[in-house]
Amino acid sequence: MPNRLAAESSPYLRQHAANPVEWWPWGAEAWEEARRLDRPVLLSVGYSACHWCHVMAHESFENAEIAALQNELFVSIKVDREERPDVDSVYMGAVQAMTGQGGWPMTVFCTPGGVPFFGGTYFPPEDRLGMRGYPTILRAAADAYRTKREAVDRTGAQLREALTPPRLRAADGAELTPAHLDAAAARLVEQTDRRWGGFGGAPKFPHAAALDAMLRHTRATGAPAAAEAAMLTLDRMARGGVYDQVGGGFHRYSVDAQWAVPHFEKMLYDNAQLAPVYLHAWQLSGEARWRDVCVDVLDHIAREMRLEGGGLASTLDADSEGGEGAFYAWTPEQLRATLADEDAALASRVFGVVGAGNFEHGSTVLSLPYPLPQVSTATGIPPAELRARLDGIRARMLDARARRPPPGRDDKVISSWNALALAAFAEAGGVLVRDDYVQIARSCAGFLLTHMRRDGVLLRSWLDGAAKVRGFLEDSAFLCDALLTLHAATGEARWFGEARTLADDMLGRFRDPVEGFYDTAVDGEPLLVRPRTLDDNAVPAGQSMAAVALLRLAALTGEDGYRAAALGVVAPLASAVARTPLAFGNLAWALELAVREIREVAIAGPRDDVGTSALLEVVRGRWDPTVVLAWGEPDGIPLLHERPAMDGRPTAYVCRGFVCDRPVGDPQALRAQLKS
């Protein structure tokens with residue numbers, strides 16, 4: 001018989017609907033039941049693409065004997081961390097405080113009042129290798145609640161105090177200067193693995209925001225070290241197994257230091273953040289291979305993640321029939337069955353497929369062990385011919401792979417993750433003159449603003465026609481920033497107006513004039529503490545993206561209130577950016593907008609005029625993160641006010657603080673002004 005999760009909208013919760021565990025969804029009824037029975041609560045948090053979440057489910061939650069024990073001792077609540085990042089943030093903080101580490105699946109034992117007193121991550125189904133098994137943990141936690149109530153309450157009180165977010169206060173006399181960014185770039189270069197790229201050892205994660213910060217530093221200063229280190233990482237990632245060499249797109253992370261074997265889930269947010277980094281690397285260096293990766297990543301999202309109506313799915317699972325990674329790995333025999341002998345031999349050489357393999361059952365996770373120019377020299381195949389042959393080989397391999405049992409897809413639409421992808425498609429569409437990318441961004445924006453807003457409030461998630469959970473700071477901040485990027489790509493005033501509405505809502509509902517921004521709104525559900533995420537993790541912190549969006553909006557409107565609110569975030573954390581930039585990569589962008597001179601570019605002229613397009617090409621052709629752009633429909637956009645086309649020709653104005661240089665209609669003259 002299905003449990004209470006069968007009616008939930010989250011695919012992750014539905015995965016547990018047939019468990020013999022008597023799961024409750026998060027809500028007041030579950031906590032009331034715990035108080036009525038005077039039982040502790042077992043809070044289990046995970047997400048649909050999580051491999052070890054599946055393992056623990058199969059081993060323990062589907063085990064009738066273990067489930068019976070859990071049902072006897074606890075009221076059990078299951079939470080999708082992607083749907084409720086606020087709950088995940090609070091209780092992950094508690095687990096990390098108790099154990100020194102965190103991860104998913106997360107298991108937290110709480111009083112009926114929601115106060116945690118013990119927790120951990122994955123537990124095996126029995127005691128083994130010095131690790132206590134799940135049944136042992138269940139009995140110990142229940143016994144502690146029954147017989148050591150004072151100690152439990154004391155632990156809970158200490159945790160509540162430890163979890164209370166600190167106030168954000170700028171250091172007395174602290175001054176925001178580019179020196180913070182110089183120190184951050186130097187630290188990131190120092191932390192880069194000079195052989196394999198990336199930061200630190202295994203496991204290795206992409207850290208897109210930090211890589212982009214390194215590229216921005218070289219763009220701003222001309223010092224090459226940061227970009228060289230970033231491009232080493234971009235190269236090793238794009239050539240590694242962490243990148244899907246056949247279908248495009250990045251897996252979540254590499255289990256080794258060489259980027260060879262990934263954890264195979266594909267997250268929308270990783271790919272949405274990495275595509276612009278490769279785009280920027282191309283704009284900075286002129287190397288076409290970086291542009292090609294950007295295009296492949298976006299094409300992967302468009303092909304694999306788009307939903308009817310314009311929304312984008314959240315994840316592709318790590319697991320499929322045959323086990324984790326079976327969908328992506330290849331053997332020499334599979335290559336020969338798919339390709340002609342000569343092409344199979346070339347594919348084996350290019351992608352490193354050998355008989356022994358580097359993965360399970362003698363299979364190989366594809367990579368590019370040698371750069372293609374080196375392969376061209378070694379094989380005697382001219383570069384253009386090699387690329388053409390590989391394009392054909394990849395197409396046939398992709399077609400053959402499509403006939404394998406695919407990984408599951410989580411079709412849940414998350415507002416913040418969709419906003420990241422929306423921004424990536426909009427920026428790349430403008431820079432690469434790809435109208436199809438811009439249209440994907442438009443459709444996504446329309447979906448979010450139509451289906452994921454109720455009574456003027458943005459919602460967090462949507463599935464199968466139903467949207468639920470009020471959005472968090474990251475949802476509003478990411479979408480605000482993305483809509484500004486979409487306006488720059490389209491010249492359509494609607495998107496600017498919607499961005500401004502979101503910004504004002506952020507300031508009204510998520511910001512305390514003294515404390516700064518919180519992750520949850522003032523009218524949100526009360527939790528153990530009101531969470532505030534300071535650091536940028538797999539996705540940027542809501543407050544760092546809010547600061548970026550507000551600084552961009554201040555430049556486009558001339559309103560100091562937006563800038564002041566952003567500086568309330570940036571100033572207290574500037575020294576943290578310098579000390580630990582890996583944890584504050586996106587905040588480094590906000591810091592850059594705060595300390596470097598922003599130039600506002602206004603282009604007056606019809607959107608479909610070739611002269612307008614020529615001026616836009618100049619602005620977009622040179623990557624400059626400290627330039628904001630307004631053009632097209634002037635309605636409600638202060639930067640376009642009283643800046644007309646001159647002599648009937650499209651005209652560009654380059655301004656600083658709304659004080660503009662001489663207006664120009666010639667692309668060469670505009671290029672010279674932007675270079676000055």
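Residues numbered from 1 in each chain as written. Predicted model: local features only at pLDDT ≥ 70, side-chain atom pairs only at ≥ 80, totals over all residues. Heavy atoms only, no water.

**Concerning the state of the cysteines**
Move 1: Taken as a whole and judged by the stated rule, the model has two disulfides.
Move 2: Disulfide pairing is shown between Cys50 and Cys53; the S-S distance is 2.4 Å. Its S-S torsion of approximately 80 degrees makes the covalent link between Cys50 and Cys53 right-handed.
Move 3: Note on cysteine connectivity: Cys655 is disulfide-linked to Cys660, with sulfurs 2.0 Å apart. Between Cys655 and Cys660 the disulfide shows an S-S torsion of about 85 degrees. By sign, it is right-handed.
Move 4: No disulfide involves Cys444; its nearest neighbouring cysteine sulfur is the one of Cys480, lying 15 Å away. (Disulfide = S-S within 2.5 Å.)

**Focus on the packing of aromatic side chains**
How two aromatic rings sit relative to each other is set out by the distance from centre to centre and by the angle between their planes.
Move 1: A complete count under the given rule lists 19 aromatic pairs for this structure.
Move 2: When the ring of Phe109 is compared with that of Phe118, the centres are 6.0 Å apart and the planes differ by 20 degrees; the resulting orientation is stacked.
Move 3: Overall, Phe109 belongs to the buried group, its relative accessible area being 0%.
Move 4: Overall, the relative accessible area of 26% leaves Phe118 in the partly exposed class.
Move 5: Judged by centre distance (5.8 Å) and plane angle (10 degrees), the ring pair of Phe264 and Tyr328 falls under stacked. Taken as a pair, Phe264 in the loop between β7 (262–263) and β8 (266–267) and Tyr328 in the loop between β9 (315–316) and α13 (332–338) lie far apart in primary sequence, 64 residues in all.
Move 6: Classification of Phe264 by relative accessible area gives buried; the value is 1%.
Move 7: Residue classification places Tyr328 among the buried positions, given a relative accessible area of 7%.
Move 8: Its end group placed over the ring of Trp24, Arg4 keeps NZ or CZ at 3.7 Å from the ring centre. (Phe/Tyr/Trp six-rings, centres within 6.5 Å; stacked < 30°, edge-to-face > 60°. Buried < 20%, exposed > 50% of the residue type's maximum accessible area, 1.4 Å probe, protein only. Helix = DSSP H or I, 4+ residues; strand = E, 2+ residues; numbered from the N terminus. Lys NZ or Arg CZ within 6 Å of the ring centre and 35° of its normal.)

**Here we look at the layout of surface pockets**
Move 1: Of the voids in this model, the second largest pocket is the one considered here, and its volume is about 930 Å³.
Move 2: Residue lining of the second largest pocket: 31 residues in total, with Arg289, Asp292, Leu368, Leu372 and Arg394 positioned closest to the centre.
Move 3: Elements with a minimum of two residues in the lining of the second largest pocket: α10 (225–239), α12 (288–304), α15 (372–379) and α16 (383–401).
Move 4: Residues that form the lining of the second largest pocket fall into these classes: 16 nonpolar, four polar and eleven charged. (1 Å grid on protein atoms, 1.4 Å probe; cavity = no way out; pocket = protein on both sides within 12 Å on 5 of 7 lines; lining within 4 Å. Points joined across faces, edges and corners; volume = space filled by probe spheres on them. Nonpolar A, V, L, I, M, F, W, Y, C, P; charged D, E, K, R; others polar.)

**A look at helix α22 (residues 560–579)**
What sets the pattern is the α-helix's 3.6 residues per turn: residues three or four places apart point alike.
Move 1: Look at α22: 29 Å from first C-alpha to last across 20 residues, which is about the 28 Å you get at 1.5 Å a residue.
Move 2: Approximately 50 degrees is the largest bend angle found in α22, and it occurs at Leu573.
Move 3: All buried positions along α22 are accounted for by Tyr562, Ala565, Ala566, Val569, Val570, Pro572, Leu573, Ala574, Ala576, Val577 and Ala578.
Move 4: Among the structural elements, α8 (178–191), α20 (493–509), β15 (511–512), β16 (516–517), α21 (542–557) and α23 (585–595) are those in contact with the buried residues of α22. (Expected span 1.5 Å × (residues − 1). Bend = angle between axes of the 7 residues up to and from the residue. Contact = heavy atoms within 4.5 Å.)

**Observations regarding the pattern of salt bridges**
Move 1: Enumeration according to the criterion identifies 53 salt bridges in this entry.
Move 2: Arg84 is the partner of Asp86 in a salt bridge, and the nearest nitrogen-oxygen pair spans 2.9 Å.
Move 3: A salt bridge links Arg389 to Asp343; its shortest N-O distance comes to 2.8 Å. One end of the pair, Arg389, is in helix α16; the other, Asp343, is in helix α14 (residues 341–351), with 46 residues separating them in the sequence.
Move 4: What makes Asp343 buried here is its relative accessible area of 13%. (Salt bridge = Lys/Arg side-chain N within 4 Å of Asp/Glu carboxyl O.)

**Concerning the side chain of Asn271**
Move 1: If you trace the backbone, Asn271 turns up in helix α11 (residues 268–285).
Move 2: Within the local environment of Asn271, its side chain forms a polar contact with the backbone oxygen of Met267, the two atoms lying 3.1 Å apart.
Move 3: Setting aside chain neighbours within four positions, we find Asn271 in contact with Gly249, Phe250, Lys266, Val297, His300 and Ile301. (Polar contact = N/O pair within 3.5 Å; in protein donor to acceptor, adjacent residues only side chain to side chain.)

**Concerning the sheet that holds strand β17 (residues 599–604)**
Move 1: Pairing is mixed in the open sheet, where four strands are placed in the order β18-β17-β19-β20. Single-partner strands in this sheet number two, and they are β18 (627–631) and β20 (659–660).
Move 2: As defined by bridge partners, β17 adjoins strand β19 (residues 651–656) across five bridges and the pair is classed as antiparallel. Note on β19: the bridge partner recorded for Val601 is Val654.
Move 3: On the sheet, helix α24 (residues 610–621) packs against β17, β18 and β19 and is oriented at approximately 165 degrees with respect to β18. (Pairing = 2+ DSSP bridges. Axes fitted to C-alpha atoms, helices over the stretch in contact; angles between N-to-C directions.)

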